[in-house]
Amino acid sequence: MYDVVLLTLGSERDAPGGCGSGGACCGGATESATDPTKQTDSEQCATERPRVPVLACSDALIARGARVEMVTARSDAEIDAVLARLDGPARPDGLTWPDLDGKTRLVVATASDGQLRAVLRRLVRRYAPAPSRRPADLPGNRTLPDLPPVAVLPLDPARGGTHQDLAAQLGLPRDPAAVAEAVVDGTARRLDLLRNDGGSVTLDGALLGAADDDGRPMHWRARVEVDDTVLTNGDEPLLACVVGNAGGYATLDDVVLLTAPDPTDGQIEVAVAVPVVIRSALGRKRVRLEVRRARGRAVSVLPREGKIPYLDDGVEAELTRKRSWWIEPGAWAVWSI
């Protein structure tokens, strides 16, 4: 019999900081700080009730013999309190380590990939040892141990269609009863994780670039390097750059950026879209979009001017200095049927 924690984040807002940033509910500053007529995050969360899929999943888990606890986390500290239940026995080196054979399993109810990322980021911060305390039993190509598997309960059925979330891309069950089956009787499917030097993680990918108010792509410059391959040195304009683990940002409009994103192959796929001016024999100009790609274990993006807007697992942010991502092969896992 399993103890199952069905975790819901206390707000569906996904700000750049993620859940708990600045003490707010699941990211962002509270609106009441600038407008006293607005509800505070805690007041908004206090009115929330479990969504229908959460209740249905709980019923299905109980029917399969699981002991279920539903938890709504409104801060990083409350997420951490849930994750502590996944800790393994004390180690001689004093490190906090996950128990992959434990009888507690975690289901994360997500309205967005950014919410799932918020939980995985807390898992990484809990279990990744400091470089000075790296244990001998940690694989040479990893900076953290195998993280405990999580089950994903999508709360937005529409994101399984045209605009797919990560659960849809991975072919994970969306029906609450099927999610319960995966938790109790399924297998753990291990996936690659991207860490970055900003202290966060990426599950799907990051899309750098933006459009103006009329929908026209804006040009920007940055040096983009994948392992030892330089895709652009920062002297030419870019329309977009994708750092891909899965396929959420594989295409932009009708342009194919990533050709074979695979969250199980131990590599990052990176692409930049560069507008190139072509002159015809008659001297006429036209712009062709050149897509350059590379695969590797790490990528760095160094802005050459100003701020670069970007989406990371659907969460908006701005890049103002060098950012590096690197792959952690098979570091996290999902329960699947």
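Everything numeric in this text was worked out from a predicted model, so none of it was measured. (Residues numbered from 1 in each chain as written. Predicted model: local features only at pLDDT ≥ 70, side-chain atom pairs only at ≥ 80, totals over all residues. Heavy atoms only, no water.)

(A) Layout of empty space enclosed by the protein. Scanning the model with the defined rule gives 1 cavity of 30 Å³ or more in all. Of the volumes computed, that of the largest cavity is approximately 30 Å³. At the level of secondary structure, the elements contributing two or more residues to the lining of the largest cavity comprise β4 (150–154) and α6 (176–185). Of the residues in the lining of the largest cavity, the class split is 7 nonpolar, no polar and no charged. (1 Å grid on protein atoms, 1.4 Å probe; cavity = no way out; pocket = protein on both sides within 12 Å on 5 of 7 lines; lining within 4 Å. Points joined across faces, edges and corners; volume = space filled by probe spheres on them. Helix = DSSP H or I, 4+ residues; strand = E, 2+ residues; numbered from the N terminus. Nonpolar A, V, L, I, M, F, W, Y, C, P; charged D, E, K, R; others polar.)

(B) Region of interest: the layout of surface pockets. Taken as a whole, the largest pocket spans an internal volume of roughly 450 Å³. Taken together, 21 residues form the lining of the largest pocket, with Gly-209, Ala-210, Ala-211, Pro-217 and Leu-252 sitting closest to its centre. Elements that contribute at least two residues to the lining of the largest pocket include exactly β7 (205–208), β16 (308–312) and β17 (315–319). Residue composition of the lining of the largest pocket, by class: 15 nonpolar, 2 polar and 4 charged.

(C) Broad picture of the pattern of salt bridges. Applying the stated rule across the entire model yields 24 salt bridges. As a salt-bridge pair, Arg-64 and Asp-185 come within 2.5 Å of each other at their nearest N and O atoms. With Arg-64 in the loop between α2 (52–63) and β2 (67–73) and Asp-185 in helix α6, the pair connects residues that are 121 residues apart, well separated along the chain. Look at Arg-64 and you get partly exposed, because its relative accessible area is 39%. Connected through salt bridges with shared partners, the residues Arg-142, Asp-146, Arg-190 and Glu-328 form a single ionic network. (Salt bridge = Lys/Arg side-chain N within 4 Å of Asp/Glu carboxyl O. Buried < 20%, exposed > 50% of the residue type's maximum accessible area, 1.4 Å probe, protein only.)

(D) Representation of the packing of α2 against α6 within the structure. Across the interface, α2 lies against α6 with an axial gap of 8 Å and an inter-helix angle of 45°. With respect to α6, the element α2 is oriented oblique. Relative to α6, α2 is oriented so that their crossing is right-handed. Across the interface between the two elements, Pro-53, Ala-56, Cys-57, Ala-60 and Leu-61 from α2 touch Pro-176, Ala-177, Val-179, Ala-180, Val-183 and Val-184 from α6. (Axes fitted to C-alpha atoms, helices over the stretch in contact; angles between N-to-C directions. Parallel < 35°, antiparallel > 145°, perpendicular 65-115°, else oblique. Left-handed = near helix turned anticlockwise from the far one by under 90°. Contact = heavy atoms within 4.5 Å.)

(E) Structural detail: the packing of aromatic side chains. Tallied over the full model, the rule gives 0 aromatic pairs. Above the plane of the ring of Trp-335 lies Arg-105, whose end atom (NZ or CZ) is 3.8 Å from the centre. (Phe/Tyr/Trp six-rings, centres within 6.5 Å; stacked < 30°, edge-to-face > 60°. Lys NZ or Arg CZ within 6 Å of the ring centre and 35° of its normal.)

(F) α2, seen in detail. Compared with an ideal rise of 1.5 Å per residue, which puts 12 residues at 16 Å, α2 spans 17 Å between its outermost C-alpha atoms and is within 8% of the ideal. Burial in α2 covers these residues: Val-54, Cys-57, Ser-58, Ala-60 and Leu-61. Buried residues in α2, looked at end-on, bunch into an arc of 165°, giving them a common side. Opposite the buried face of α2, by more than 90 degrees, sit the exposed residues Val-52, Asp-59 and Ala-63. (Expected span 1.5 Å × (residues − 1). Arc of directions from axis to C-beta.)

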